[in-house]
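Observations on chain architecture
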Amino acid sequence: MALLITLITCFVITLATSQPCQTPDDFVAATSSGHIMIGGLFAIHEKILSSEDFPRPPEIQKCVGFEISVFLQTLAMIHSIEMINNSTLLSGVKLGYEIYDTCTEVTVAIAAALKFLSKFNDSREIMEFKCNYSRYTPRVKAVIGAGYSEISMAVSRILNLQLMPQVSYESTAEILSDKIRFPSFLRTVPSDFYQTKAMAHLIQKSGWNWIGIITTDDDYGRQALNTFAVQTVANNVCIAFKEVLPAFLSDDTIEIRINQTLEKIIAEAHLLEVLKNVTFTDGGNSFHFDAHGDMNTGYDVVFWKDVNGHMTITKVAQYDLKNDVFIITDQETKNELKNLKQIRSKCSKECSPGQMKKTTRSQHICCYECVNCPENHYSNQTDMDHCLLCNNKTHWAPVKSTTCFEKEVEYLNWNDSLAILLLALSLLGIMFVLAIGIIFTRNLNTPVVKSSGGLMVCYVILLCHFLNFSSTGFFVGEPQDFMCKTRQTLFGVSFTLCISCILTKSLKILLAFSFDPKLQNFLKGLYKPIPIIFTCTGVQVVICTFWLIFAAPAVEEDLSLPRVIIRECEEGSVLAFGTMLGYIAILAFICFIFAFKGRKLPENYNEAKFITFGMLIYFIAWITFIPVYATTFGKHLPAVEIIVILISNYGILCCTFFPKCYVILCKQDTNTKSAFLNTIYTYSSRSADSLAMSHISLDSTHSSNTMANPSSGGKPAAWQKSKDLQTQAFEHIFKEYATSASKTWSRKRNLSI
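So, a few notes on the structure that sits alongside this text. All values reported here derive from a predicted model rather than from experimental measurement.

All right, on to the overall build of the protein then. Counting its secondary structure elements, the protein contains 21 helices and 24 strands. Out of the 753 residues in the protein, the part that is buried amounts to 44%.

Tallied over the entire structure, the rule returns seven salt bridges. A salt bridge links lysine 635 to aspartate 416; its shortest N-O distance comes to 3.3 Å. Linking lysine 635 in the loop between α18 (608–631) and α19 (637–666) with aspartate 416 in the loop between β22 (408–410) and α11 (417–442), this pair joins segments that are 219 residues apart in sequence. Relative accessible area serves as the criterion here: at 23%, lysine 635 is assigned to the partly exposed category. Three or more residues are tied together by salt bridges with common partners; here these are Glu478, Glu557 and Arg567.

Now for the sheet that holds strand β6 (residues 142–144). The strand order across the open sheet formed by six strands is β1-β5-β2-β6-β7-β8, and the pairing between neighbours is mixed. Every interior strand has two partners, whereas the edge strands, β1 (28–32) and β8 (185–187), have only one. Neighbouring strand axes in the sheet, compared pairwise and without regard to direction, differ in orientation by 20° on average. Relative to strand β5 (residues 95–101), β1 is paired through four bridges, and the arrangement is antiparallel.

Such a bond, covalent and formed between the sulfur atoms of two cysteines, is termed a disulfide. This structure, assessed with the given rule, holds five disulfides. Paired by a disulfide, cysteine 63 and cysteine 103 hold their sulfur atoms 1.6 Å apart. Residues cysteine 63 and cysteine 103 are joined through a disulfide that is right-handed, its torsion about the S-S bond being 90°. A residue pair is termed long-range when its members are at least 10 positions apart, and cysteine 63 in strand β4 (residues 63–66) and cysteine 103 in the loop between β5 and α4 (106–116) qualify at 40 residues. As far as burial versus exposure is concerned, cysteine 63 and cysteine 103 are alike and both buried. The disulfide bridge from cysteine 351 ends at cysteine 370, spanning 2.0 Å between sulfur atoms. Disulfide cysteine 351 to cysteine 370: torsion about the S-S bond roughly -95°, handedness left-handed. Of the two residues, cysteine 351 sits in the loop between α10 (331–339) and β16 (355–359) while cysteine 370 sits in strand β17 (residues 368–372), which places them 19 residues apart along the sequence. Using a relative accessible area of 0% as the deciding quantity, one classes cysteine 351 as buried. Cysteine 370 sits in the partly exposed class, given a relative accessible area of 31%. No disulfide involves cysteine 498; its sulfur sits 5.3 Å from that of cysteine 464, the nearest cysteine. We classify cysteine 498 as buried; its relative accessible area is 0%.

The subject of this paragraph is α10. Thr333, Glu336 and Leu337 are the residues of α10 that are buried. Down the axis of α10, the buried side of the element spans an arc of 95°, and every buried residue falls inside it. At its buried positions, α10 is contacted by α6 (192–205), β13 (299–307) and β14 (310–320).

Turning our attention to the environment of tyrosine 148. Of note, tyrosine 148 is situated in the loop between β6 and α5 (149–159). On a C-alpha basis, the gap between tyrosine 148 and serine 168 in space is 8.8 Å, while along the polypeptide they are 20 residues apart.

Between helix α17 (residues 574–597) and α18, the least distance of the axes is 9 Å, while the angle of their chain directions is 150°. In terms of axis orientation, α17 runs roughly antiparallel to α18. Judged by the sense of rotation from one axis to the other, the crossing of α17 with α18 is left-handed. Touching Phe577, Leu581, Ile584, Ala585, Ala588, Phe589, Cys591, Phe592, Ala595 and Phe596 of α17 are Ala608, Ile611, Thr612, Met615, Leu616, Tyr618, Phe619, Trp622, Phe625 and Tyr629, all from α18. A breakdown of the residues in the contact of α17 with α18 according to their chemical character gives 19 nonpolar, one polar and no charged.

Criteria and thresholds
- Residues numbered from 1 in each chain as written.
- Predicted model: local features only at pLDDT ≥ 70, side-chain atom pairs only at ≥ 80, totals over all residues.
- Heavy atoms only, no water.
- Helix = DSSP H or I, 4+ residues; strand = E, 2+ residues; numbered from the N terminus.
- Buried < 20%, exposed > 50% of the residue type's maximum accessible area, 1.4 Å probe, protein only.
- Salt bridge = Lys/Arg side-chain N within 4 Å of Asp/Glu carboxyl O.
- Pairing = 2+ DSSP bridges.
- Axes fitted to C-alpha atoms, helices over the stretch in contact; angles between N-to-C directions.
- Disulfide = S-S within 2.5 Å.
- Arc of directions from axis to C-beta.
- Contact = heavy atoms within 4.5 Å.
- Parallel < 35°, antiparallel > 145°, perpendicular 65-115°, else oblique.
- Left-handed = near helix turned anticlockwise from the far one by under 90°.
- Nonpolar A, V, L, I, M, F, W, Y, C, P; charged D, E, K, R; others polar.

Structure (C-alpha cells):
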C-alpha cells in the first residue's frame with residue numbers, strides 16, 4: 001500500500017510538470033511489469049500546446065490542462081489491477097499495465113496504440129509487419145480506453161489489425177456498435193442511440209412536442225444531436241432551437257467512475273471472445289455485452305433543481321435499455337415525473353379525435369391548426385396528420401367523427417307503417433274474395449251465378465284474385481332471391497289467368513246478343529273458352545320461364561346513398577319485366593274492346609259495362625305506375641308496386657263481382673227465372689225495333705219511288721219483317737233458357753248477361 005501511495009505521488013508530480021516527449025520512456029504515464037500486460041488510454045490532460053515553430057516539427061508536444069477526474073479513473077485502473085494481483089482470481093499470473101496520457105488528442109493516442117502493437121519483450125519496441133498475426137504476440141493483451149469516441153474510433157482501427165480487445169469506459173458514439181468496422185471494440189456504457197431514445201421517450205411521455213437542444217461541440221455532441229433529431233421527428237416532436245456549447249468533461253461522481261473502471265479492468269483479464277460472453281454482477285445488477293459490444297447498464301434520469309440559488313441534481317428514475325421503460329424507485333420521484341406533464345411545452349394545442357392537423361406556414365411541423373374531419377372521414381387519435389377514409393360502400397361518418405358507423409340496411413319492413421297499411425288492404429281483399437266465393441256457392445242455381453259463366457269460372461277468377469292479393473306479401477320484408485323470383489312471376493301468371501277468364505266472358509256476352517249473322521258466325525268460330533284461357537296464360541308462363549332462366553331477379557344492394565344501404569330486388573331484365581306487363585296490357589285492351597261492344601245489353605245482368613270500368617281502372621293504375629316507378633327508389637319502390645297491384649285487383653274484383661252480389665243480396669226479386677225472361681224479352685223487343693228501322697232505311701235508299709200503302713189497317717213490309725225477326729229471337733232465347741233450367745245452358749247460345 002505504501003508503494004502505491006509513493007507511485008501515485010510520483011505520478012502526480014510527473015503529470016503536473018509534464019514535459020515534451022524526449023525519449024520513449026517520457027511518453028509513458030505509468031507502467032508496471034507483469035505476465036499479462038494491459039494498456040490504458042486516459043485523457044489526463046485537456047489538450048497539447050501548439051508548436052510555435054514553423055514549419056512545425058513532427059514531435060509530440062507538451063500536454064496542459066490537468067483533469068483530476070480522469071486522473072482518478074487512471075488510479076482506479078491501477079487499484080483494480082493491484083486488487084486482482086493480490087487475490088486468488090488469477091493464481092500464479094500477475095497483471096501488468098502500461099498507461100498513456102492521450103492529452104485529448106488523436107495523434108498522441110495513435111502513437112500509444114503503435115506501442116501496444118509492438119512485439120512482446122522486444123527491446124526495439126517496434127511493430128513487425130505480417131500478413132497473418134495469429135502467432136504474433138503483442139506488447140499488451142487488451143486496452144482500456146479511450147474516453148472520447150473520436151479517439152476510440154481512431155485507435156480501434158489500428159488495434160483491429162491484431163483484433164486486440166479494446167474496452168472503452170466513455171465512448172458512446174453509435175457508429176462504434178458496427179462490428180464490421182470495429183470488430184474488437186467493446187464498451188461499458190450504452191450507445192448514444194439508447195441515450196437519445198430514452199430522452200425522446202421521456203419527452204413523449206411528458207406530452208411535449210416543442211423543445212430546445214443544447215449540445216457540445218464535438219463528435220459526441222454532434223452525433224447525439226443527429227440521432228436525437230431523427231427520433232424526435234419520429235415522435236412528432238419539433239426542435240425549436242439548437243445551441244452548441246464548447247466541449248467539456250462529464251460531471252459524474254468519482255465513485256461511479258471508479259466502479260465503472262473496476263468493471264473494465266476485471267473484464268480485460270480475458271481475451272476478446274471470452275469478453276463478449278462474460279456476465280458479472282454488481283450490487284444486485286447483472287451486466288454483459290450485447291452483440292454490438294455495448295454494455296446493458298442503462299441510464300440514470302436526473303433532475304436539476306435550483307434550491308435557494310444552488311443547483312442540485314436528484315436521481316428520479318432509471319432507464320431500462322432492454323424493455324424501453326423507466327424504472328421508478330419511490331413515490332416521491334414518481335410524482336416528480338408526473339409533474340412534467342403539467343409543464344406545457346407545445347407550439348400548438350393538440351388536435352382531439354375527430355380532427356386533423358393542418359400545417360401552417362411555419363417551418364416546424366409542430367405548429368399547426370386543427371380542422372374537423374370532413375364527412376365520411378374520421379380520426380381516432382390525437383394529433384393525427386390526416387383523417388382516415390371510411391369504406392363508403394358499407395360505412396359512413398359525420399363531420400368531426402372519431403369512428404365510422406355502419407350503414408343501416410333499409411327495405412320495406414314488416415313493422416313499417418306503410419307496409420302494415422298495404423298488407424291490411426291485401427288481407428281485406430282476401431276476405432272479400434272468400435266472402436264472394438261463399439255467396440256464389442250458396443246461390444249456385446240463381447240466374448245471376450249461371451249468367452256469370454258458372455261456379456267453376458267464378459272460382460278460377462276468385463282464385464286469381466286471391467293469388468294477386470297474396471303476392472303483395474312477397475314485396476315486404478328483407479329481400480331474398482326466392483322472394484324476388486316469386487313475386488313478379490306469381491303476379492304475372494295469376495293476373496294473366498284472371499284477364500283470360502274475363503276475356504272469354506266478354507266474348508261470350510258479345511256472342512249471345514249479337515244479331516248480325518256475319519258477326520255471329522265469326523264469334524262462334526272464335527269462342528273456344530278453354531283453349532283461349534290456356535293459350536293466353538301459357539304465353540305468359542313461357543315469358544316468365546325465359547325470364548327466370550336467362551335474367552332472373554336477384555337481391556341487390558344500392559350503396560350510392562351516403563348513410564343507408566338499400567337492399568332491394570333487382571328485376572334482372574327490364575325487357576322481360578316490361579314484356580310481362582305489356583302482355584297483360586294487350587289482353588286487357590282486347591277484353592276492354594269486347595266489353596265496350598256489349599255495354600248496352602240488359603242492365604240487370606249486364607257485366608260488359610262493369611268489365612269496361614274494371615279495365616279502365618287497370619289502365620289508369622298502370623299508366624300512372626310507369627313514371628312513378630321510374631322516379632322512385634329506395635325502400636318505397638316495392639310499396640309503389642303493391643299499390644298498383646291492389647288498385648288493379650280491387651278495380652276488377654269490385655266491377656266483376658260486387659254488382660252481382662248486390663243483385664243476389666239486395667234485389668232478390670230480379671234474380672228469378674221470370675224476371676230474367678222478362679228482361680230478355682224487353683231487350684229483344686228493342687233490338688228488333690232497332691233492326692226494323694235499319695231495314696226501312698236500307699229499303700228507302702234502293703226504292704225511292706216505292707212507298708207503303710197508307711191504309712188504316714195495313715203495316716209497312718219492313719215493319720212486318722222486323723216483327724218476324726223479333727219473334728224468332730225471343731223464341732230462340734227462351735228455348736235455350738228453358739233447356740238450361742233442367743241441365744245447363746246451351747253451348748251455342750249460353751247467355752252471360
